[in-house]
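# Descriptive structure summary
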Amino acid sequence: MKEQIERIRAEFQKALAGADTPEALDQLRVQFLGRKGKVQQLLRGLGQLPPEQRPEVGRLVNALRDQVQQALKEKKASLKPAVPREWLDLTLPGRKPPVGKKHPLTQVLDEIKAFFVQRGFTVADGPEVETDYYNFEALNIPRNHPARDMQDTLYITQDIVLRTHTSPVQIRVMESQQPPVRIIAPGRVYRRDTPDASHSPFFHQVEGLCVDRGVSFGDLKAIISEFARELFGEDIHVRFRPSFFPFTEPSLEYDFNCVFCRGKGCRVCKQTGWMEISGAGMVDPNVFKAVGYDPDIYTGYAFGMGVDRIAMLKFGIDDIRLFFENDLRFLNQF
Ligand code: PHE
């Protein structure tokens with residue numbers, strides 16, 4: 001009987017080594033520990049032994065049963081990965097990332113750029129911290145010239161300023177290339193202003209410059225009028241008023257029909273029916289001389305545009321400061 005026990009133990013150990021799925025382990029359990037299993041048969045066989053041997057053999061069979069149980073349990077545990085495998089619930093709704101959008105000023109700037117790029121202009125860039133030379137001197141605004149009072153300049157040193165307009169980019173571009181020139185230069189500009197609904201110490205302009213043989217005042221009026229119609233619709237009118245800038249001659253300022261009242265007069269346009277956009281004019285010969293262009297051969301027009309004003313018109317915004325507060329309740333509307 002002891003031999004039989006050892007045989008079954010050996011048999012179990014061999015079978016256990018070959019069982020490496022939970023199903024195979026289950027089969028082994030039935031085979032050895034089940035009601036008709038091999039261990040059970042041994043226990044039944046005890047009855048045939050002489051009574052004095054029964055306790056000892058009984059203990060051996062019980063030990064075998066415990067060993068088989070324990071071994072099966074351990075093997076089963078070793079088959080399970082230590083960490084339960086993550087599972088993917090494909091029925092869960094996905095997580096929606098918050099979708100950003102372009103700032104209203106960027107949207108308007110994209111439209112402005114698209115308009116001019118379609119007409120052969122390229123986009124130029126210049127520094128916001130400028131020298132006195134580019135911001136004033138080369139633009140025919142010498143030191144102590146009264147025209148400097150037009151621009152409330154923020155000085156960093158006596159010779160370095162925060163640019164008060166994008167016009168210095170005109171000079172930088174013309175210095176770096178020969179005509180023909182067709183560029184726009186969008187960017188931020190700075191003035192010493194107390195913030196209110198229509199003033200901010202920084203705002204945005206788009207400079208335009210076109211220089212070639214035979215460029216005329218008519219070309220300037222045409223492109224600005226076309227621009228106004230493209231952005232605000234066919235029935236918009238543009239008004240040109242004589243003005244003065246040291247770097248253009250003749251100079252003008254231009255207004256668009258108020259898009260809210262279409263010129264009738266309302267709160268937004270302060271009852272005038274017009275919205276000021278910015279200045280423009282024919283490039284002054286002194287500016288051409290500063291960059292080494294021959295004013296007897298070339299003519300050109302230049303214009304500035306207030307991007308913030310155009311965006312206010314387009315979206316019906318009545319306070320420029322809203323653009324710079326980054327309040328999502330405001331920004332999400334556009
Ligand atoms: N630089 C001028 C301003 O800031 C606008 C302007 C640009 C005028 C180009 C004429 C030509 O007000």
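Residues numbered from 1 in each chain as written. Predicted model: local features only at pLDDT ≥ 70, side-chain atom pairs only at ≥ 80, totals over all residues. Heavy atoms only, no water.

Turning to the overall build of the protein, a few remarks are in order. Scanning the protein from N- to C-terminus turns up 11 helices and 10 strands. Against the globule reference of 20 Å for 334 residues, the protein gives a C-alpha radius of gyration of 44 Å, more extended than a compact globule. The dimensions of the protein, computed from C-alpha atoms along their principal axes, are 135 × 45 × 35 Å. By residue count, 42% of the 334 residues in the protein fall in the buried class. For the protein, contacts bridging at least 24 residues in sequence account for 66% of all contacts bridging at least 6. Just so you have it, the protein exposes about 19100 Å², and 52% of that area is on carbon and sulfur atoms. A distance of 15 Å separates the average location of the 45 positive side-chain charges in the protein from that of its 44 negative side-chain charges. (Helix = DSSP H or I, 4+ residues; strand = E, 2+ residues; numbered from the N terminus. Rg over C-alpha atoms; globule rule 2.2 N^0.38 Å. Buried < 20%, exposed > 50% of the residue type's maximum accessible area, 1.4 Å probe, protein only. Contact = heavy atoms within 4.5 Å. Areas by Shrake-Rupley, 256 points an atom, 1.4 Å probe, with all protein chains shown as cover. Lys, Arg positive; Asp, Glu negative; His and termini not counted. Charge placed at Lys NZ, Arg CZ, Asp CG, Glu CD.)

Attention now moves to the domain arrangement of the protein. Along its sequence, the protein is organised into domain 1 (2-78) and domain 2 (104-331). Computed from C-alpha coordinates alone, the two centres of domain 1 and domain 2 are separated by 96 Å. (Domains from an automatic or database assignment.)

The subject of this paragraph is the pattern of salt bridges. Oppositely charged side chains can form a pair if their charged atoms are brought close together. What the rule picks out here adds up to 17 salt bridges. Its salt-bridge partner being glutamate 6, residue arginine 9 comes within 3.2 Å of it at the nearest N-O pair. One end of the pair is arginine 9 and the other is glutamate 6, both in helix H1 (residues 2-18) and three residues apart, which spans about a single turn. The exposure class assigned to glutamate 6 is partly exposed, which follows from its relative accessible area of 44%. Across the pair arginine 229 and glutamate 234 runs a salt bridge, and its minimum N-O distance is 3.9 Å. A relative accessible area of 65% places glutamate 234 in the exposed class. (Salt bridge = Lys/Arg side-chain N within 4 Å of Asp/Glu carboxyl O.)

Strand order in the open sheet made by the three strands is E2-E4-E3, with antiparallel pairing throughout. Looking at the sheet topology across the chains shown, the edges are occupied by strand E2 (129-131) and strand E3 (154-155). In the sheet, E2 pairs with strand E4 (residues 160-162) via three bridges, with the strands oriented antiparallel. Looking at the pairing, threonine 131 lines up with isoleucine 160 of E4. (Pairing = 2+ DSSP bridges.)

Around the ligand, the surrounding shell holds 15 residues, and the nearest of these are His165, Ser167, Arg191, Gln205 and Glu207. Contact between the ligand and serine 167: a nitrogen atom at 2.9 Å from a side-chain N or O atom of the residue. Interatomic distance of 3.0 Å between a side-chain N/O atom of glutamine 205 and an oxygen atom of the ligand. For the ligand, the accessible surface in isolation is 320 Å², of which the surrounding protein chains cover 94%. Elements with a contribution of two residues or more to the shell around the ligand: strand E6 (202-212), strand E9 (274-283) and strand E10 (299-306). Its residues assigned to classes, the shell around the ligand comprises five nonpolar, eight polar and two charged. (Near = heavy atom within 4 Å. Polar contact = N/O pair within 3.5 Å; in protein donor to acceptor, adjacent residues only side chain to side chain. Nonpolar A, V, L, I, M, F, W, Y, C, P; charged D, E, K, R; others polar.)

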